[in-house]
Amino acid sequence: MRNTLFIVSLYLILSACGEKRNEVKFISEGNPIVTDKFTADPAPMVHNGRLYLYVGHDEAEEGQDFNITEWLCYSTKDMKTWTDHGCVLKPTDFSWGVGEAWASQVVEKDGKFYYYTTVQAGAPYNSKVVGVAVSDSPTGPFIDARGTPLITDDMTSNGPRGWWNDIDPTVFVDDDGTPWMSWGNGTCFLVKLKPNMTELDGNIEILKMPKFVEGPWIHKRGNLYYLTYASMGKGRETISYATAPSMDGPWTYRGVLTGMAENSFTIHPGIIEFKGQNYLFYHNAILTIDSKSGATGRRSVCIDYLYYLPDGRMAYVEQTKEGITVKPKTAAEVAEIVNPYTDEEEVVVEIVQNDTESRKNGRC
């Protein structure tokens, strides 16, 4: 019996060591950040002096638009040396999930880490849904927090994108502890969550953001709230944003934050402050790995500095190959940044109630 316990203990120790050895470290030398895998839809999170970056793993073959079967996690303490934590969640980790690891975000609340995800759900849903998993660690393991999706197709009015309306969740926990979630494809939805992070707290609203396509991201700086998202540019997506004095609005559209991603139709924002510096994460499709070139379903996560102007607006971000391997701009240099999208007008965003009754009656 004693020998059996020793063998079991030794096996567990070796297994743990094996997992630790699999956490490969590397130094980022510019954009893209990760060069041995195709990665997309970046979602940064800061916890205990470390930045964690959650991404989808693009694995599309020729003829496939998308093939994303898992979410990966990377982390860093200095924005130079990164640790690859490998796969931390798969769509099939949800009993109702059948595939498609689309955009997601992890947030921490009360010592728990909540992974809000886009998943293709099987019967009886048979559509894109929003799920939520939970863990005691930022690197997992994550488990289904509800046993059912958080958002399903019958809860939202079908807009331009129909049954795949419910994608790309972003969750923001306000200073008073109130959690909010936004998501959507063609329609920008917003709802308050209950303190348990796994239930809705009130009605779903629709924010009529100009040129909204997908990929919203909520953050706050000082007393100003920001909702940044993938918007329709001239043939491909750009990134635009709106600001508000409160999560209840009024929201004001502020224009384009950065232009189209190189070689990619999509682009996806992730904004974070880390150790006194602000960053914009996004993806393009310029990387080639093992003779496979970048494409719609083979994207690569990048990062550039983000700067704020004195009035709270964000300065236009030029996408660079150097990324953050160069020094950030001075205040004088930031003041000289020119936004090439000069025809954008600032407008107050209309907010309407999500009309689920019209959806159920077939009028949407």
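Residues numbered from 1 in each chain as written. Predicted model: local features only at pLDDT ≥ 70, side-chain atom pairs only at ≥ 80, totals over all residues. Heavy atoms only, no water.

S.K.: Before we go on, may I ask you to explain the overall build of the chain in this structure?
M.R.: Looking only at helices and strands, the chain has three helices and 24 strands in total. With the C-alpha coordinates aligned to their principal axes, the bounding extent of the chain is approximately 75 × 55 × 45 Å. The proportion of buried residues among the 364 residues of the chain is 53%. Pairs at least 24 residues apart make up 53% of the contacts formed inside the chain by residues separated by at least 6 positions. Per element, the accessible surface of the chain, about 16,600 Å² overall, is 50% carbon and sulfur. Across the chain, the centroid of the 34 positively charged side chains sits 4 Å from that of the 48 negatively charged ones. (Helix = DSSP H or I, 4+ residues; strand = E, 2+ residues; numbered from the N terminus. Buried < 20%, exposed > 50% of the residue type's maximum accessible area, 1.4 Å probe, protein only. Contact = heavy atoms within 4.5 Å. Areas by Shrake-Rupley, 256 points an atom, 1.4 Å probe, with all protein chains shown as cover. Lys, Arg positive; Asp, Glu negative; His and termini not counted. Charge placed at Lys NZ, Arg CZ, Asp CG, Glu CD.)

S.K.: Can you help me understand the sheet that holds strand 22 (residues 300–305) in this one?
M.R.: Two modes of strand pairing occur in sheets, parallel and antiparallel, and in both the strands are linked by backbone hydrogen bonds. The three strands are arranged 18-19-22 in an open sheet whose pairing can be described as antiparallel. Of all strands in the sheet, those bounded by a partner on one side alone are strand 18 (270–274) and strand 22. Averaged over all pairs of adjacent strands, the angle between their axes in this sheet comes to 30°, without regard to strand direction. Strand direction decides the pairing type here: strand 18 and strand 19 (residues 277–284), joined by five bridges, are antiparallel. When the sheet's bridge partners are listed, Glu273 is paired in strand 19 with Asn278. (Pairing = 2+ DSSP bridges. Axes fitted to C-alpha atoms, helices over the stretch in contact; angles between N-to-C directions.)

S.K.: When you look at the pattern of salt bridges in this model, what are you seeing that I'm missing?
M.R.: Pairing between side chains becomes possible if they bear opposite charge and their charged atoms approach one another. Counted under the stated rule, the structure contains 14 salt bridges. As a salt-bridge pair, Asp36 and Lys37 come within 3.5 Å of each other at their nearest N and O atoms. You can call Lys37 partly exposed: its relative accessible area is 21%. Arg299 is the salt-bridge partner of Asp58, the closest N and O atoms lying 2.8 Å from each other. Taken together, the positions of Asp58 in strand 3 (residues 50–58) and Arg299 in the loop between strand 21 (292–293) and strand 22 put the pair 241 residues apart, joining distant regions of the chain. For the pair Asp58 and Arg299, a shared accessibility class is recorded, and that class is buried. (Salt bridge = Lys/Arg side-chain N within 4 Å of Asp/Glu carboxyl O.)

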